[in-house]
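Listed here are the chains, written in short residue letters.
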Amino acid sequence: MRFRHPDGSTVHLAYCTNVHPAETLDGVLAQLRDHCEPVRKRLGRDRLGIGLWLARDAAHALVTDPAALRGLRTELDRRGLEVVTLNGFPYEGFGAEEVKYRVYKPDWADPERLEHTTSLARLLAGLLPDDVTDGTISTLPLAWRTAYDETRADKARAALVTLAERLDALQDLTGRSIRIGLEPEPGCVVETTHDALAPLTAIAHDRIGVCVDTCHLATSFEDPQAALDALTAARVPVVKSQLSAALHAEHPADPAVREALAAFAEPRFLHQTRTTTTPSGGLHGTDDLDEALADGGPLPDTAPWRAHFHVPLHAAPAAPLTSTLPVLRTALTRLVGGPHPLTRHLEVETYTWQALPPELRPRARAQLTDGIAAELTLARDLLTDLGLKELP
């Protein structure tokens, strides 16, 4: 979906396909047929943007076979789909029964991460629509925080510098500009947008910036306005933004609240949980929701909790829980509501539909289609309320 900003630029809205993960190229093609095209039709659109997730094996098949890449581009066009952004965070196995900490491997200190991201950039340059020259890729925020010492930090920094050089060369070769955004996430080396400032200003290359995920922003209790103003002041580009909402518990000491939260503690994904108990915003946290809920758990329960669980944008959980949709609204106002957009690539990313409590999960493919279409409709309405005009 495309929108005209009041300054005349085009803002792209997509949804991320990691909600129906596939490890192979055949699986990706099946996604387009079984999920993406039906969402487009449900919205009544001639064209729909998707934020494509390409696992290692799918990316390898495409980068080693130009005919396969042309075939994917043809299939996108045939189904009324377009790609201007990729999700390069998960490397493989995102559809496994247990993902948890595995999603952070390989990290930016491992050569595989550089090679995989380089492949994604080359593929995106070949997938961009004919009238689009700029593409973006989100990636993990350097590494999970443990076992990350100065030696690994130096390797990660060198890898990103090499990547920036390769992206410069790619533009010279193709005329397509591809940028990469580190995606701050709780528990990682770069947990907050503030944590991104030092490593990115050290690299100081406009092809390497930040992907602002509004669920992660909210989980870490960052103020959206202050966070985005700080990135702007430091000249760190907001490469893209993922529109998502976290789980919010206003009164975690209440047994009914804890019982409601427990329904969201599940074995597949990590649900980092945070609270802040001081006016200055000092954070307390756990790596997962069940750890926070354990008897005698480490989190204070005198202030609200937020959990890294991407809840559907249009369907806040039932009381006594809520979502952090207000944080998304505030962030979006700063991202695209000003005289010029801070980013032109927006991506709805609710990958946890099948991890919701059983009674909330879609039971049929059509229900998932309806849910994704409803999320995109909400995002569209937020954009038009900010003065952007939806384009055909």
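My aim in this report is to walk through the structure given alongside it, one point at a time. (Residues numbered from 1 in each chain as written. Predicted model: local features only at pLDDT ≥ 70, side-chain atom pairs only at ≥ 80, totals over all residues. Heavy atoms only, no water.)

**With respect to the sheet that holds strand β11 (residues 283-286)**
- On the basis of which strands lie adjacent, the open sheet formed by five strands has the order β11-β10-β12-β9-β13 and antiparallel pairing. This sheet does not close on itself; its edge strands, each paired only once, are β11 and β13 (321-323). Between one strand axis and the next, the sheet turns through 30° on average, direction left out of account.
- Pairing of strand β10 (residues 273-276) with strand β12 (residues 305-311) involves three bridges; the strand directions are antiparallel. Counted as the bridge partner of Thr 275 is Trp 305 from β12. (Pairing = 2+ DSSP bridges. Helix = DSSP H or I, 4+ residues; strand = E, 2+ residues; numbered from the N terminus. Axes fitted to C-alpha atoms, helices over the stretch in contact; angles between N-to-C directions.)

**Looking at the environment of Leu 383**
- Along the polypeptide, Leu 383 turns up in helix α12 (residues 365-385).
- Residue classification places Leu 383 among the buried positions, given a relative accessible area of 0%.
- Those residues in contact with Leu 383 that sit more than four places away from it in its chain are Phe 3, Leu 13, Leu 332, Val 336, Leu 346 and Leu 388. (Buried < 20%, exposed > 50% of the residue type's maximum accessible area, 1.4 Å probe, protein only. Contact = heavy atoms within 4.5 Å.)

**So, the nonpolar core**
- The biggest cluster of nonpolar side chains holds 114 residues, and the ones touching the most others in it are Leu 13, Tyr 15, Trp 108 and Leu 376.
- If we ignore the near neighbours within four places in the chain, the residues touching Leu 13 are Met 1, Phe 3, Gly 49, Leu 243, Leu 346, Val 348, Leu 376, Ala 379, Arg 380 and Leu 383.
- Within the second largest apolar cluster, five residues are counted, among which are Leu 217, Ala 218, Ala 227 and Val 327. (Core = buried A, V, L, I, M, F, W, Y, C linked by side-chain atoms within 4.5 Å.)

**Digging into the packing of aromatic side chains**
- Using the criterion set out here, one finds eight aromatic pairs in the structure.
- Their ring planes at 35° and their centres at 4.7 Å tell us that Tyr 104 and Trp 144 sit as a pair that is tilted. With Tyr 104 in the loop between β4 (81-87) and α4 (111-127) and Trp 144 in the loop between β5 (134-139) and α5 (150-174), this pair connects stretches of sequence that are 40 residues apart. By the burial criterion, Tyr 104 is buried, and Trp 144 matches it.
- When the centroid spacing of 4.9 Å and the interplanar angle of 75° are considered together, the rings of Phe 269 and Tyr 351 count as edge-to-face. Of this pair, Phe 269 sits in the loop between α9 (255-262) and β10 while Tyr 351 sits in the loop between β14 (345-348) and α12; the two residues are 82 residues apart in sequence, bridging distant segments of the chain.
- An aromatic cluster is defined as three or more aromatic residues linked by ring pairs; in this entry it consists of Trp 53, Phe 94, Phe 269 and Tyr 351.
- Sitting over the ring of Phe 221, Arg 306 keeps its end group 4.4 Å from the ring centre. (Phe/Tyr/Trp six-rings, centres within 6.5 Å; stacked < 30°, edge-to-face > 60°. Lys NZ or Arg CZ within 6 Å of the ring centre and 35° of its normal.)

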